Amino acid sequence: MSWMDAVKEIDPTTWEIISNEEDRQRNTIRLIASENYASQAVMQASGSVFTNKYAEGYAGKRYYLGQEFVDQIERLAIERAKSVFGAEHVNVQPYSGSPANLEMYYALLELGDKILGMGLPHGGHLTHGWNVNFSGRFYTASAYGVNPETERIDYDEVRRIALQERPKLLMCGASAYPREIDFEAFKSIADEVGAYLVADIAHISGLVAAGVHPSPVPVADVVTSTTHKTLRGPRSGIILCKDKFAKDIDRAVFPACQGGPHVHAIAALAVALHEASQPDFKDYASTVVANAKAMAEAFLSRGYRLVTGGTDNHLLLVDLTSKDVGGKAAAVAMEKAGIVANANSIPFDTRKPFDPSGVRIGTAAITTRGMKPEHMDTIVGWIDKAVLSREDESALGRINQEVREFCQSFPVP
């Protein structure tokens, strides 16, 4: 029986929807910075018999019997994560990145404590203290941003705000920041004001694992991440920390914030971490960055402005102001042309969040398919044509067909 035959037999409606999504992922150029293609091995582990297990607690101390192999797979994932990231302690039970951040806050803070994180409009994440999120409602949050001229983090300004606010926790990491983060600089600021330093590396964890981006693990008190972006694992979360925070982190995950872990996701994470420890993963991560840089050059050569002028990691923010089009209209046109990205605010954006000035683009997924720097100019050429032809359905259809033909040369894992 093939991979999806049972679904087709039992529930053809669901099978058809899954098949359509499979076709979409195969025949489009996916530039969503938070998406990737997991390997067949990761997906098979995610769909394994561990789906049937309930396993409240931790290895060696569960509330249910029949946990011999659950304990083995969780310990394996933990040891692999320690090895890949050089971490003292690891918890692999968080359901995803936002729960991981919730659990981190729960472990380190009391309700109402002060936190300082990167503001959402400048590239931060909802869980870094934004007012509509639990982090902005449960804690007293303040924010730092980027320099209006360089659009990069101004560490002197972060220090000034930290000295003024005296947060108990300083958060670094971002969801839309195209430059390397100086974790040592953040650690110096945190130490000066007596704050915990937490790094959220959800977007760059694969780059960190491969050594193509500096790692916060040696300096931060706690590091959180998703596992499905550049790390190319399942939809899950992970928390890395110093040994002295291990008990508090583990208690925050279970029983404070979660029940039984998703053991099938932990099994898939074990596979992904094994893949991340192989030499070809470093090659992959290096190509992710090389592709992003090549794509940046292709945009600049066509007269587009990039936030910070370029990129050091897997993503770039394209400012469409000079093209007289909003990010939403551009993203919709791109999708019709078979190229999927997301509209995104840029620092100091004058447009509204649901129709911002920018488009965020990431290279993790296309790199997994085998696309290289020499292909980036072609892709940006299609994006440029789609933006310029956004009201011409026939033109967008022609680009879409070219994209579909192009994608045939780059199989999905």
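The structure displayed is predicted, hence computed values, not measured ones.

Asks: Lay out the layout of surface pockets in plain terms, naming residues and giving numbers.
Replies: If you roll a probe as big as a water molecule over the atoms, it shows you where there is empty space left. One number sums up the size of the largest pocket: a volume of about 950 Å³. Mapped onto the lining of the largest pocket, the elements with two or more residues apiece are helix H2 (12-27) and helix H3 (40-46). There is about 470 Å³ of room inside the second largest pocket. Lining the second largest pocket are 24 residues, with Leu 120, Pro 121, Gly 124, Asn 344 and Ser 345 sitting closest to its centre. Taken together, the residues of the lining of the second largest pocket break down into 13 nonpolar, seven polar and four charged.

Asks: Give a detailed account of helix H16 (residues 393-407), specifying residues and quantitative values.
Replies: Between the first and last C-alpha of H16 there are 21 Å, a value that for 15 residues agrees with the 21 Å anticipated at 1.5 Å per step. Within H16 the residues assigned to the buried category are Ala 395, Leu 396, Ile 399, Asn 400, Val 403, Phe 406 and Cys 407. Projected down its long axis, H16 carries its buried residues within an arc of 140°, all on one side.

Asks: So what's going on with the sheet that holds strand S15 (residues 358-362)? Residues and values would help.
Replies: With antiparallel pairing, four strands are arranged side by side in an open sheet as S11-S12-S15-S14. If you trace the sheet from one side to the other, it starts and ends with strand S11 (305-306) and strand S14 (342-344), each paired once. Sheet analysis places S11 next to strand S12 (residues 315-319), joined by two bridges and oriented antiparallel. For Leu 306, the partnering residue across the bridge sits in S12 and is Val 318. Along the sheet, helix H12 (residues 279-301) contacts S11, S12 and S15; its crossing angle with S12, the most-contacted strand, is approximately 15°.

Asks: I'd like a description of the domain arrangement of the protein, backed by residues and values.
Replies: What the domain assignment reports for the protein is domain 1 (45-277) and domain 2 (279-408). Placing a centre on the C-alpha atoms of domain 1 and another on those of domain 2 gives a separation of 28 Å. At the interface, 27 residues of domain 1 touch 29 residues of domain 2. Approximately 2300 Å² of surface area, both sides summed, lies buried where domain 1 meets domain 2, with 58% of it carried by carbon and sulfur atoms.

Asks: I'd like a rundown of the UniProt feature "binding site: (6S)-5,6,7,8-tetrahydrofolate" (unreviewed entry) in the protein, residues and numbers included.
Replies: Under the UniProt annotation, the feature "binding site: (6S)-5,6,7,8-tetrahydrofolate" (unreviewed entry) is placed at Leu 120, Gly 124, His 125 and Leu 126. Those annotated residues from the list above that line the second largest pocket are Leu 120, Gly 124, His 125 and Leu 126. Summarising the element assignment, Gly 124 is placed in the loop between strand S5 (114-118) and helix H6 (134-138). The exposure class of Gly 124 is buried, given its relative accessible area of 1%. Excluding its chain neighbours within four sequence positions, the residues that come into contact with Gly 124 are Met 118, Gly 119, Ala 174 and Ser 175.

How each quantity is defined
Counting starts from 1 at the beginning of each chain's written sequence and moves along it residue by residue. The predicted nature of this model means local features are confined to residues of pLDDT at least 70 and side-chain atom pairs, given and counted, to a pLDDT of 80 or more, with totals for whole chains, interfaces and linings taken over all residues. Hydrogens and water are ignored here; the side-chain numbers use all heavy atoms of the structure. Any residue with an atom within 4 Å of a point lines the site, the site being either a cavity, points on a 1 Å grid over the protein atoms alone where a 1.4 Å probe fits but cannot get out, or a pocket, an open set with protein on both sides within 12 Å along at least 5 of 7 lines. Grid points are joined across faces, edges and corners, and a volume is the space filled by probe spheres set on the points. The helix and strand labels rest on DSSP assignments: H or I over at least four residues marks a helix, E over at least two residues marks a strand, and numbering proceeds from the N terminus. Each residue is assigned to one class: nonpolar for Ala, Val, Leu, Ile, Met, Phe, Trp, Tyr, Cys and Pro, charged for Asp, Glu, Lys and Arg, and polar for all the others, Gly among them. Expected span of a helix, by definition, is 1.5 Å for each gap between consecutive residues, and there is one gap fewer than residues. Burial classification: accessible surface area is computed with a 1.4 Å probe over protein chains only, and a residue below 20% of its type maximum counts as buried, one above 50% as exposed, and the rest as partly exposed. The reported arc concerns the directions from the helix axis to the C-beta atoms and nothing else. Paired strands, in this sense, are two strands between which DSSP finds at least two bridges. Residue contacts are counted whenever heavy atoms from the two residues lie within 4.5 Å of one another. In this analysis an axis means a line fitted to C-alpha atoms, helices contributing only their contacting stretch, and an angle means the value between N-to-C directions, from 0 to 180 degrees. Segment limits for the domains were obtained from an automatic or database-derived domain assignment. Computed with a 1.4 Å rolling probe, the buried area is the accessible surface lost when two parts are put together, summed over both parts. UniProt positions are given in the numbering used here, feature names are shortened, and annotations may be inferred rather than shown by experiment.

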